[in-house]
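Breakdown of the fold
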Amino acid sequence: MEKFRKNLWNAVLIILISGGVAAGVTAYVMKNVNAGGNMNYEDTGSTFGQPVHLTAYNSVAAENTDFTYAAEKTVHAVVHIKVMSTVSVERQYMDPFEFFFGFGENRPPRQQLRKGSGSGVIISTDGYIITNNHVIDGADSISVTLNDKRSFKGKVIGSDPITDIALIKIEADDLQPVTFGDSEQLKIGEWVLAVGNPFDLTSTVTAGIVSAKGRSIMTGESDKDKIMSFIQTDAAVNRGNSGGALVNTKGELVGINTAIYSQTGDFAGYAFAVPISIAGKVVSDIKKYGSVQRAMLGVSIAEPEFIKQNRDTKIKELKGAYVGDFAMRSSAKEAGIEIGDVITAVNGNRVTSVNSLQEQVMKYQPGDKVKVKVDRYGTEKEFTVELKNAQGNTEIVKGGDSAEILGAAFKALSEKDKREYGINYGIEVNDISKGKIKDCGIRKGFIIMIVNDQRIQTPEDFYSIVDKILKGGTDEKGLLIKGFYPNSGATRHYAIDLID
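Residues numbered from 1 in each chain as written. Predicted model: local features only at pLDDT ≥ 70, side-chain atom pairs only at ≥ 80, totals over all residues. Heavy atoms only, no water.

A word on the overall build of the chain. Counting secondary structure elements, the chain contains 12 helices and 31 strands. A burial count over the chain gives 51% of its 500 residues as buried. The long-range share in the chain, meaning contacts at least 24 apart out of those at least 6 apart in sequence, stands at 66%. Total accessible area computed for the chain in this model is approximately 23400 Å², and 49% of it derives from carbon and sulfur atoms. (Helix = DSSP H or I, 4+ residues; strand = E, 2+ residues; numbered from the N terminus. Buried < 20%, exposed > 50% of the residue type's maximum accessible area, 1.4 Å probe, protein only. Contact = heavy atoms within 4.5 Å. Areas by Shrake-Rupley, 256 points an atom, 1.4 Å probe, with all protein chains shown as cover.)

This is the structure we're talking about:
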């Protein structure tokens, strides 16, 4: 309790800035503060996400800044997204009739319709739109309204909870996409504009400066799974700005507005955006492969300053990422990097913190070779590292791989099935071929209820857990499945190693 009280003094709310999203408004707590850098992507009509390098990037002096050009260039590329979703609400009372006659436990949760809203940015002439994952997560329907008031039905192409980025599409032509900028070239103090739809006030433009780069914010229990390297700005954003554009004075997209610092739920002076170096690569992967191709060095890292203060060590460099251990299949270890090294640069881009290292590596694909510079107790060394994926190889992980690996088909239980079995959730294994399900001993007809401590309502719930592990989005390497066979009723447990 004493520890809780101490932590409470430092608590700060970080609010995801979508307006009443399907998952609800979520409160978050500030973590630690670091600095880092980015890369860029450029739109080319219906084909986007190809890396380019801007050669003549110059910030503009404040007294000479004209925001009208950037606003006019951007406002037509930002859309208003509205979502409808159905959520299950646990009953807060027991019907007396059900209490006396014993039917209360089998009654399913009450279904409730929920509305949400946010923003999105057009990134191709044929209707691809980038937004936040939390804007569209769980949506049953998506409506997209353009700046000229035309409305379209939106379709989710793919999403990535780890970076909170999603790609949706509308069936429209001759749209006005935004131009991609170079978030890596942003400077502290540089003017930026936030464009979005706060409080359903469409096409709102606000101005501010870049307050910090590589900012880390705590977003809940699964923070260790997330990419944390935000652009911090004081441009005013509020609920409904989620998924909107952060642009420089040239009208170039440099970030996707995602969260705000707040103790009230409204803007209090600080906002956070996912750099386009990360967001652009994510949507490019989703469009091309169906899933994000996550490259990894295969190291466990920490802040050098923390290591210096809490451990007897000879490290000299206090800015960078301290190598504390290696993964089982580590490309960094194979290249010659050692425990105790402090990573200070990747391909010539300065690494000042754990967050900036994540940001630099996130720009690349498994199979790419990068130059990693380290400080080894005061001596500078450089290594060539071939990045790998979570499985320890360089193969492309495509959408749908989870179903192939499991080698089974599943179906959701009907209400009749649930009443018969006396349960409120679960899926049935209704077909088995070659794969992990068969290998672990599960037979056709098995009712899966819980996977890795999560209740399973639909086959998609199961696939989502597997996908997250395969994409390296969690420390878990396998599945612990709990369920039963209808003819016996006894609870069975099965373990599956996905990363073997």
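Attention now goes to the environment of Ile-301. Position of Ile-301 relative to the elements: it lies in strand E20 (residues 299-302). Expressed as a C-alpha distance, the spacing of Ile-301 and Phe-326, which sit 25 residues apart in the sequence, is 8.9 Å. Apart from the residues lying within four places of it in its own chain, the contact partners of Ile-301 are Ala-321, Tyr-322, Val-354 and Leu-357.

On to the packing of aromatic side chains, then. Evaluation of the coordinates by the stated rule reveals seven aromatic pairs. Judged by centre distance (5.2 Å) and plane angle (70°), the rings of Phe-410 and Phe-462 are edge-to-face. Taken together, the residues span a long stretch of sequence, with Phe-410 in strand E26 (residues 408-412) and Phe-462 in helix H12 (residues 459-470) at a distance of 52 residues. No difference in accessibility class separates Phe-410 from Phe-462, as the two residues are buried. (Phe/Tyr/Trp six-rings, centres within 6.5 Å; stacked < 30°, edge-to-face > 60°.)

Evaluated as defined, the whole model comprises 12 salt bridges. Of the charged contacts, one joins Lys-363 and Glu-184 as a salt bridge, the two residues approaching to 2.8 Å between their closest N and O atoms. Of the two residues, Lys-363 sits in the loop between helix H8 (354-362) and strand E24 (369-376) while Glu-184 sits in the loop between strand E12 (179-180) and strand E13 (191-196), which places them 179 residues apart along the sequence. Residue classification places Lys-363 among the buried residues on the basis of a relative accessible area of 7%. Of the charged contacts in the structure, one is a salt bridge between Lys-388 and Glu-334, with a shortest N-O distance of 3.1 Å. Taken as a pair, Lys-388 in the loop between strand E25 (379-386) and helix H9 (401-406) and Glu-334 in helix H7 (residues 331-335) lie far apart in primary sequence, 54 residues in all. For Lys-388, a relative accessible area of 15% translates into the label buried. Within this structure, Glu-338, Asp-341 and Arg-376 form a network of salt bridges that share partners. (Salt bridge = Lys/Arg side-chain N within 4 Å of Asp/Glu carboxyl O.)

All right, on to the pairing of strand E18 (residues 252-261) then. Two faces make up the sheet, and in a regular strand the side chains alternate between them. Counting buried positions along E18 gives nine out of 10 residues, so the element sits mostly inside the fold. Bridge analysis of E12 against E18 gives two bridges, and the strand direction is parallel. Bridge pairing in E18 links Thr-179 to Glu-252. Judged from the three bridges that link them, strand E17 (residues 245-247) and E18 form a sheet pairing that is antiparallel. Across the sheet, the residue bridging to Leu-246 is Gly-255, located in E18. Counting the residues that bridge the hairpin from E17 to E18 gives four residues, and of these Gly-251 lies at a positive phi of roughly 80°. Direction of pairing for E18 relative to strand E19 (residues 270-275): antiparallel, over a ladder of six bridges. Opposite Gly-255, over in E19, you have Pro-275 as the bridge partner. (Pairing = 2+ DSSP bridges.)

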